[in-house]
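Below, each chain spelled out in residue letters.
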Protein chains: 2
Amino acid sequence: MSAGHMAVTTGPAPGPEPEPVVSCAPPHDDCGIRDVLDRLGDKWSVLVVVELASGVRRFKELQRAVDGISQRMLTLTVRRLERDGLVSRTVYPTVPTQVEYELTELGHSLTHLIKALAGWSLDHRAAIAGARRAWDEAAG
Amino acid sequence: MSAGHMAVTTGPAPGPEPEPVVSCAPPHDDCGIRDVLDRLGDKWSVLVVVELASGVRRFKELQRAVDGISQRMLTLTVRRLERDGLVSRTVYPTVPTQVEYELTELGHSLTHLIKALAGWSLDHRAAIAGARRAWDEAAG
DNA sequence: CAGAATCCACAACGATACTG
DNA sequence: CAGTATCGTTGTGGATTCTG
């Protein structure tokens, strides 16, 4: 920590243990993480999955539940989730068309991940908020 | 499953158990997940964190390691990570400026999450790829 | 080396209108 | 009800140039 003010350019650092963390194919295959992150990272997918985790939902029900989402984005989101095999779509040939969305097994398994994510967020949201505040007031 | 072709509009569904998954404040506070996802969801943050998980890195080292990332994006990514308290930045007053980046404790704790993410990705990447292939060839 | 600044291309998203 | 189609806005990322 106290490096003083001198720092040789050839300081290879005594590196304790280089943990692998992901260890896929070099240089950076990133495994299939990008695929998952593409779905997790967009604005609505997580919220839709969370809502569907509680059970089967119709299109309109989903839209009401997520609130803030437009028909367009709900359609796109649910289509991508379906394409990735996370959500199943069932159409009923009723007079006003009726469609039901449901998590597949794969989708439910993703639920565990989201839970872990939510847990970490809750555990550290204060720390993150504090760090941001400190940063912003230090040099905003 | 076999609903045949009849489906009354008033089908409340026998819903087994509505799992909460996140259970924050209604309607959809999404806890602090969005904050984490904003950092996890962008194109480079995860890769940078993964690289830093192996130890201290200089700017150029990071750029070489991540490969594909531009100076601009590396700067932005590392700044955001620093703002969120996930990465610490140390400047050495040498002739050619030298800067070292390192994960903070908070950053290291995020590593566990990324590990979980990578694990899930590896476990299901085949399933996802298969679902996409099926979808694309069914109606691309 | 480490970055700030500028410009530009494109993708994501939102609002609106229309259809089966 | 459950979408599709179109348009305009915004945000994100890449390439390039310049500085301490």
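The structure this text deals with has already been given above.
From a predicted model like this one, the values you see are computed outputs, not experimental measurements. (Residues numbered from 1 in each chain as written. Chains lettered and ligands numbered in written order. Predicted model: local features only at pLDDT ≥ 70, side-chain atom pairs only at ≥ 80, totals over all residues. Heavy atoms only, no water.)

Asks: What am I meant to see in the relation of the copies chain A and chain B here?
Replies: One copy of the chain maps onto the second through a rotation around an axis plus a translation along that axis. With an RMSD of 0.1 Å, the fit of chain A onto chain B corresponds to turning through 180° and sliding 0.0 Å along the axis. On this basis, the relationship between the two copies can be described by a two-fold rotation axis. Looking at the rotation axis and the C-alpha trace of chain A, the residue lying nearest is Gly41 of chain A, at 1.9 Å. Interface residue correspondence from chain A to chain B reaches 97%, placing this contact among same-surface, isologous pairings. (Least-squares fit on C-alpha atoms with pLDDT ≥ 70 in both. Contact = heavy atoms within 4.5 Å.)

Asks: What should I look at first to understand the sheet that holds strand 2 (residues 87-92) of chain B in this one?
Replies: Strands in a sheet are paired, the pairing made by backbone hydrogen bonds, and the direction either parallel or antiparallel. Residue and element names in this part refer to chain B. Reading across from one edge, 1-3-2 is the order of the three strands in this open sheet, with antiparallel pairing throughout. In this open sheet, the two edge strands, each paired with only one partner strand, are strand 1 (57-58) and strand 2. Relative to strand 3 (residues 98-103), strand 1 runs antiparallel, the two being bridged by two bridges. For Arg57, the partnering residue across the bridge sits in strand 3 and is Tyr101. (Pairing = 2+ DSSP bridges. Helix = DSSP H or I, 4+ residues; strand = E, 2+ residues; numbered from the N terminus.)

Asks: Just checking my understanding: could you explain the protein's contact with DNA strand D for this structure?
Replies: For DNA strand D, the set of nearby residues contains 20 residues, the closest of which are Lys60, Arg89 and Tyr101 of chain A together with Arg72 and Met73 of chain B. Of all DNA strand D atoms lying within 4 Å of any protein atom, the proportion belonging to sugar or phosphate reaches 70%. Interatomic distance of 2.8 Å between a backbone N/O atom of Lys60 of chain A and a phosphate oxygen of DNA strand D. A distance of 3.0 Å separates a phosphate oxygen of DNA strand D from a polar atom in the side chain of Arg79 of chain A. For the surface near DNA strand D, the elements supplying multiple residues, two or more each, are helix 3 (59-66), helix 4 (71-83) and strand 3 (98-103) of chain A together with helix 4 (71-83) of chain B. No other element matches helix 4 of chain B, which puts four residues into the surface near DNA strand D. For the surface near DNA strand D, the class distribution of residues is six nonpolar, five polar and nine charged. (Near = heavy atom within 4 Å. Polar contact = N/O pair within 3.5 Å; in protein donor to acceptor, adjacent residues only side chain to side chain. Nonpolar A, V, L, I, M, F, W, Y, C, P; charged D, E, K, R; others polar.)

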